[in-house]
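Fold and geometry: a report
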Amino acid sequence: MPQEFKLILKHLDNPGYTPDIECYLRHGGYDALKKALAIQPKDLPDGKKASPQEQIRDDVKLSGLRGRGGAGFSCGLKWSFVDRRSGKPIYLICNADESEPGTFKDRQIIHKDPHQLIEGMIVSCFANDVKLAYIYIRGEMPKGAKLLNAALKEARAKNFLGKNILGSGYDLEIHVHRGAGAYICGEETGLIESLEGKRPYPRIKPPYFPAVLGLYMCPTIVNNVETLCNVKHIVTMGGPEFAKLGTPNNTGTRIVSLSGQVKRPGYYEIEVGKATIGQLINDPAFGGGLLDGRKLKAVIPGGSSSKVLKAGEKFKLKRKIEGKDVEVETDMLDLPYDFDSLQQAGTMSGSSAIIVIDDSVDIVGALANLSEFYAHESCGQCTPCREGSLWMSKTLHRLTHGEGRKQDADYLVKIADNIPGGKTICAFGEACSWPVQSFVAKFKDEFVAKGAADEERRAKEKVQPKIATPAERKELTTAH
Amino acid sequence: MADATTTEVKPAPPAIEKIKVKVDGREVEVPKLTPDWQGKLAPTTMLQACDIAKKDVPHYCYHPKLPVAGNCRMCLVEFGTPALGPDRKPVMNPDGTPKIAKSPRPAIGCATPISPGMEIYTSTPGVKQMREGVLESLLINHPLDCPICDQAGECKLQEYSVDYGQSASRFVEAKVHKPKAVDLGPRIMLDAERCILCTRCIRFTKDVAGDDALGIVNRGSYNTIATFPGLPFDNNYTLNTVDICPVGALTSKDFRFQMRVWFLKETKSVCTSCATGCNVLISSREEKIYRYTPRDNDAVNGPWMCDAGRLNYKWIQREDRLKDVLVGQASSLPVSKSGQAGSLPHYKSSWTAALSEIAEKLKQAPAGSVAIVVSACQTNEELWLISKLKAKLGAISDSVERTGDADKLLVSADKNPNTNGARLTGICFSEMGINLPKIADGIASGKIKSLIVFGEDVTKHGISAELLGKLDTLIVSDILPNATTAAAHYVLPGCAHAEKRGSFTNTKGRVQKFMQAVQPPGDARAEWDFLHDLVYNVTGKNGFLTIEGLFNEMAKDVPAFNGLTWASLSDTGVTVKI
Amino acid sequence: MSFSVPANLEAEIDELITHYPVKRSASLMLLHALQEHFGHISPEATQWVAKKLGLQPINVHELVTFYPMFRQSAPGKHQIKVCRTLSCALGGSHKLHEHFCTKLGLDPHAHGLQTTKDGKFSVEFVECLAGCGMAPVMMCNEDFFEGVSEKKADEILGGCK
């Protein structure tokens, strides 16, 4: 029976646990920082010395920690790309712009245990010689921003931040920067542009890789809230110990945001890969099953941009059994919830947000909802996404408002196919087209049926199809 | 060739390492580094490599003289790089060629640097599909109003649609509507529905013109180019945004709805509004000038020019142009008059009659009795011909200084297009205008009896109408009437630069030729053409019946121009030592 | 010009600017500060920010029009933002939005910002508020509410003074 494994969420929902520094200190807070600052240079076999910073970075590499924001990229590797020879300052930005629909894990940490994030940040900054760091928090979390500011003030008062931290000679300042309602700011280069006071247009790569040309064209690290919290635990436990959590190549814990039509939606921390999607949905310890009388229709496994899984879908997963590579047929519910298994199933664990959809839901309407989100959130910088995201949304609006056509299913896929796969500047192109591609591919009959029904009705009423205009949001067409 | 003439006054650039890449299967050698939009060396991009390989890669947002944006996605290409084995050594094909690992993702040509052995594929089915996709996306919300769009005929949406687009649209939804006929500034109109949001205009005005006036408002598909409400887009370079706008979104108020571009004849010329000498194209139809556009010349103006210069052409076709050869005589029957003080009644004459009369008078003029004032707006050839007269007559001569504001980009404080020409031909000295008081004194004292004026109203430059009245002979050539032409005994109607051929020497010593776009009005004649007759009549010198011959003679005679020929000037000119 | 920023707010703003090595970075924070004080970002406020940060007004206007949280005209005193995105939609956010609109005499089918005639309330469908597990969620000014039933919605409205 899989259970929750609370590493990051260890205290924050406990009765009496408060977001202030005294409470955090009572629970062993800032011990990881003290430990990090006390690390001594280590002699290496080749006669060189490893600095304390290098030792922490090595530990993070050994931990196998993968980014918790969405891409699942190795944190140690990301840090290793940082240009440390440019002579320019290195910046670290905490991406707290949590906006992938379905995801609400970072909100918990920020609001209930802000010092854990701050400690993780300080340790990460120390490991990377960062002197100035920012927390880019969603504009829609004004309380969170206030809490973080209060926590930073407390940390400064205790000299965990500021000049000569705890007598170590290390200086660091962290500031809170608020977004103002833009999903695209979750994209790291869009976030950097936003932090520079510009429209959050993601940068072209090459040449603007943040590790070399990031904030103010200086080397920059952008890490998710949960990732940075993990760094604190890696310092506490040691990288190899951390790597024992979870499964190989999918180490540590993940906070799964479970939403949609289950009995017990919420956030659950698990060892990565130690529970399956089915267990997360159905086990009493987690989702507790679907609502009474309902059957599972679909699961969006890793935030709204991940490709949908259809109930009953089967995948061939590569597994090592007794040292041999074998392919195991696996039901979508039996997919271990980790990075690699979901990737093998053609989707991703993304921001580890599971949205459960039951048989009461009109799947066309669900996709229309998501497409409206992406049309609203496209920054509009590059052509395929700017035009394609709204086009798909308009088509789906038509299809959900009685003006569909039988060919709309194929029409949608053709529009979607023009967007992803490196054709756009950033991964938003994938994010907006993957749901359309996967929903239509897996539920094509429902899309076709909807269009066919509309055609039939129009034939009966002898009317031509209308061009339906979606409820255009005023703020996008005129001054708001 | 004389050493003085070079095409560039720059030290030879250091040798740049070359690397080999393949474009659509053909190997080309390309420099590892190429000047970027600011002229700094930067890694050569796939787009530049394709250009060297003569493979067209369509693009909208990329412009060689602007920072790279990479937003239009039209230049997406597929590519591969030599495969590396686990030992980091290249993997070889059985035939000994390096195995190429094709990238699973395409890349934009404008921003992706090349690497040795790279293969670029510009015409695979995948690339064609991507271009079709981008074009389709750009067109779904486009108004498709080509029949009323000024850009039609020089529109990249039209051109690429023909080359890479689909014939029919699948789009059945409602289009996004955006502001139309937006008054962006005093010279620019915006149709936001035609805009493809390539941001060339924004980057130009911010990064080249230094006026961060344009931006994008709203979001996503509703993105719209705009100024801050109430702050017009008004710097001296705004019209360049019309040139670089690949579609019909930005139009020139001066040109819009005036003429279909495919009816226009384009003539290579040079702007005369200041000493910079920006290279231009004059667009005309049926002897009417419709617009100037900059003509790319990195040694002078790059692809840009200022608005003031661009719009400074209306005077050429003014109604009151001097169209007749006029002779002024107190006793004659007036056919043309001007009410100004000192004006003479004029009657119409002919070139033959007037030129022979003038020649006779000049031949008889005692040495030192003739003065010459020639505008530095006249061409090198004209100035030189006049210098021959000057020598023969032992005349004193000068030009008129004309100054104004300069800027950091193109506008020169010297508003004469040919100051250096006037200096190099000896019409004036380095300090232009120092002889003018002497000429005035000479007239006042009666020493100077004859004055030849080309292209200046000397009454505004210290030689008053009263003084002009004391002259025995005042010979004036000009384009528009003024107080000096009114007082002239002979008025010889001249030509604007757009009506003749010739060359100017710009502020940096670049000798640039220009061609004739339109016919002059009435009897007006190119000055070099009638000056040739006059010089022949007065000095007996001949041999300059054509502009080519004239230029080549001049080049032999004027030290700074030694070694030049009309042909060697090519379209973009040659820099000489000044 | 009638636009003036009180001294204490300007002091707060000056402090915010010190957080960044490049002044322009403070744009969003300044806009938030001004919107909190004035309720919306007027053209004068945009110009004020531009001047403060050494920018052109269009640089700031680009941001004001991009980020949906910034308002160019005064919204209602109490701004209700109902999450529209999938998890909340599955949890009944459309009904919740409709409930607010009907209750306040606004068009339940309009997704954009609507303000009651008396200027007291604004209702708006917004994108994911990152509270998906407790759908439907909403905000009323700075306060965040989870699992909002119609009854709870009425209580929230009742609490708006």
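Let's shift gears to the overall build of chain C. Helix and strand counts for chain C come out as seven helices and five strands. In chain C, the order of α-helices and β-strands from amino to carboxyl end is α-α-α-α-β-α-α-β-β-β-β-α. Classification of the 161 residues of chain C by burial places 52% in the buried group. Contacts spanning at least 24 positions in sequence make up 54% of the contacts within chain C whose residues lie at least 6 apart.

Often the size quoted for an interface is simply the accessible area lost on bringing the parts together. Residues and elements named next belong to chain A. In terms of domains, chain A is made up of domain 1 (21-243), domain 2 (255-358) and domain 3 (363-472). The straight-line distance from the C-alpha centre of domain 1 to that of domain 3 is 38 Å. Each side of the interface is counted separately: domain 1 has nine residues, and domain 3 has eight residues. Residues belonging to the side of domain 1 that touches domain 3 are distributed by class as follows: seven nonpolar, one polar and one charged.

The subject of this paragraph is the sheet that holds strand S9 (residues 253-260) of chain A. All names here are of chain A. The sheet built from five strands is open, its strands ordered S10-S9-S15-S11-S12 with mixed pairing. Two strands in the sheet have a free side with no partner beyond their single neighbour: strand S10 (266-271) and strand S12 (309-310). As defined by bridge partners, strand S11 (residues 296-300) adjoins S12 across two bridges and the pair is classed as antiparallel. From the neighbouring strand, Ala298 faces S12, where its bridge partner is Lys310.

Turning our attention to the interface of chain B and chain A. With 30 residues of chain B in contact, the opposing surface of chain A contributes 33 residues. The element that contributes the greatest number of residues to the side of chain B that touches chain A is helix H2 (residues 125-140) of chain B, accounting for seven residues. Taken together, the residues of the side of chain B that touches chain A sort by class into 14 nonpolar, 10 polar and six charged.

What follows concerns the pairing of strand S24 (residues 502-505) of chain B. Residue and element names in this part refer to chain B. Alternating positions in S24 separate into two faces, Gly502 and Phe504 on one and Ser503 and Thr505 on the other, with burial throughout. Where S24 and strand S25 (residues 510-514) come together, four bridges link them in antiparallel fashion. Its bridge partner lying in S25, Ser503 is registered against Lys513. Counting the residues between successive antiparallel strands, the hairpin from S24 to S25 contains four residues, one of them, Gly509, with a positive phi of roughly 90°.

We now examine the interface of chain C and chain A. Each side of the interface is counted separately: chain C has 40 residues, and chain A has 50 residues. Every element with two or more residues in the side of chain C that touches chain A is listed here: helix H2 (27-38), helix H4 (57-66) and helix H5 (86-90) of chain C. Counted by class, the side of chain C that touches chain A contains 23 nonpolar, 12 polar and five charged residues.

Turning our eyes to something else, we now look at the confidence of the model for chain A. When pLDDT is averaged along chain A, the result is 94; 97% of the residues meet or exceed 70. Low pLDDT (under 50) marks residues 471-480 of chain A, which in the prediction has 23 contacts with non-local residues, meaning those over four places away or in another chain.

Criteria and cut-off values
- Residues numbered from 1 in each chain as written.
- Chains lettered and ligands numbered in written order.
- Predicted model: local features only at pLDDT ≥ 70, side-chain atom pairs only at ≥ 80, totals over all residues.
- Helix = DSSP H or I, 4+ residues; strand = E, 2+ residues; numbered from the N terminus.
- Buried ≥ 20, exposed ≤ 12 C-beta atoms within 10 Å, placed from the backbone.
- Contact = placed C-beta atoms within 7 Å.
- Domains from an automatic or database assignment.
- Nonpolar A, V, L, I, M, F, W, Y, C, P; charged D, E, K, R; others polar.
- Pairing = 2+ DSSP bridges.
- pLDDT = per-residue confidence, 0-100.

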